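Chains, contacts and geometry: an overview
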Amino acid sequence: MATCATCSGELRPEWRFCVHCGTAVTPTAVDDAAAEALPRVNPIAIIALILACIGGIPAFVFGHIALRQIKQTGERGRTIAIVATVLGYVWLTVGIVLFLRFANGL
Ligand SMILES: [Zn+2]
């Protein structure tokens, strides 16, 4: 049971004022709602970015998965996913070019 901050009298949840002293009661439920966290960052977008940073070609696959999930869930991390996807394609291009050079050199 909640108590009044002014007179320490017992308060019912539906009361907006303390019946003992007349002090306005601040509903704690409103404070909880205001403290609600922002949408989380999509974890696959972070994995994709890590892969992209270490030169991992699968980054573009994870980037596409992350972008699809972000579209469906409204999570954060869309920019991270786009950067990872683009870097993944860059690494893929570099990989193909190096492979062709190596193959032609034989
Ligand atoms: Zn009171």
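What you see is a predicted model; the values in this text were computed from it and never measured. (Residues numbered from 1 in each chain as written. Predicted model: local features only at pLDDT ≥ 70, side-chain atom pairs only at ≥ 80, totals over all residues.)

1. Section: helix H2 (residues 43-53)
Defined as follows: Exposure in this text rests on C-beta crowding, where 20 or more other C-beta atoms within 10 Å of a residue's own make it buried, 12 or fewer make it exposed, and counts in between make it partly exposed. The C-beta atoms are placed from the backbone. Secondary structure elements follow DSSP: runs of H or I of four or more residues count as helices, runs of E of two or more count as strands, with numbering from the N terminus. Each direction from the helix axis to a C-beta atom contributes to the arc, which is the arc of those directions. By the criterion used throughout, residues are in contact when their C-beta atoms, derived from the backbone, lie within 7 Å.
Among the residues of H2, those classed as buried are Ile44, Ala45, Ala48, Leu49, Leu51 and Ala52. Around the axis of H2, the buried residues are gathered within 160° of arc, so they sit on the same side. In this structure, H2 carries Pro43 and Cys53 as exposed residues pointing more than 90 degrees from its buried face. Those residues of H2 hidden inside the fold are in contact with helix H3 (59-73) and helix H4 (78-105).

2. Concerning the packing of H2 against H3
What counts here: The axes used here are C-alpha line fits, helices contributing only the stretch in contact, and every angle between their N-to-C directions lies in the interval 0 to 180 degrees. Small angles under 35 degrees read as roughly parallel and large ones over 145 as roughly antiparallel, with 65 to 115 read as roughly perpendicular and the rest as oblique. A clockwise turn of the near helix away from the far one marks a right-handed crossing, whereas an anticlockwise turn of less than a right angle marks a left-handed crossing.
For the pair H2 and H3, interaxial distance at closest approach is 8 Å and the crossing angle is 160°. With respect to each other, H2 and H3 are oriented roughly antiparallel. Crossing of H2 against H3: the hand is left-handed. Together, Ile44, Ala45, Ile47, Ala48, Leu51 and Ala52 of H2 and Ala59, Phe62, Gly63, Ile65, Ala66, Gln69 and Ile70 of H3 make up the contact between the two elements.

3. Some points on the packing of H2 against H4
To keep it simple, the criterion reads: Just so you know the grouping, Ala, Val, Leu, Ile, Met, Phe, Trp, Tyr, Cys and Pro go in nonpolar, Asp, Glu, Lys and Arg go in charged, and all remaining residues, Gly too, go in polar.
It is the contact of H2 with H4, at a shortest axis distance of 8 Å, that shows an interaxial angle of 35°. The crossing of H2 and H4 is left-handed. Contact residues: H2 offers Ala45, Ile46, Ala48, Leu49, Leu51 and Ala52, while H4 offers Ile80, Ala81, Val83, Ala84, Leu87 and Gly88. Broken down by class, the residue content of the contact of H2 with H4 amounts to 11 nonpolar, one polar and no charged.

4. A look at the confidence of the model for the protein
Close inspection of predicted coordinates is inappropriate for parts of the model with low pLDDT. Threshold: You can read pLDDT as the predictor saying how much it trusts each residue, on a scale of 0 to 100.
In the predicted model, the protein carries a mean pLDDT of 86, and 89% of its residues have values of at least 70. Model confidence for the protein, summarised as mean pLDDT per element, is weakest for helix H1 (residues 28-34) at 49 and strongest for H3 at 95.

5. Observations concerning unusual backbone geometry
A positive phi is found at Ser8, a non-glycine position, where the angle reads about 65°. Among the structural elements, Ser8 can be located in the loop between strand S1 (2-3) and strand S2 (10-11). Using a count of 11 C-beta atoms within 10 Å as the deciding quantity, one classes Ser8 as exposed.

6. A few points about H3
Selection rule: The span you would expect from a helix comes to 1.5 Å times its residue count less one.
When the terminal C-alpha atoms of H3 are compared, their 21 Å separation across 15 residues agrees well with the 21 Å that a helix rising 1.5 Å per residue should span. Listed in full, the buried residues belonging to H3 are Ala59, Phe60, Phe62, Gly63, Ala66, Leu67 and Ile70. Within H3, the buried residues cover an arc of 150° as seen down the axis, which keeps them to one side. Within two residues after H3, Gly74 carries a phi angle of roughly 75°, on the positive side.

7. Overview of the environment of Gly63
Assignment of secondary structure puts Gly63 in helix H3. Residues contacting Gly63, with those up to four places away along its chain left out, are Ala48, Ala81, Ala84, Thr85 and Gly88.

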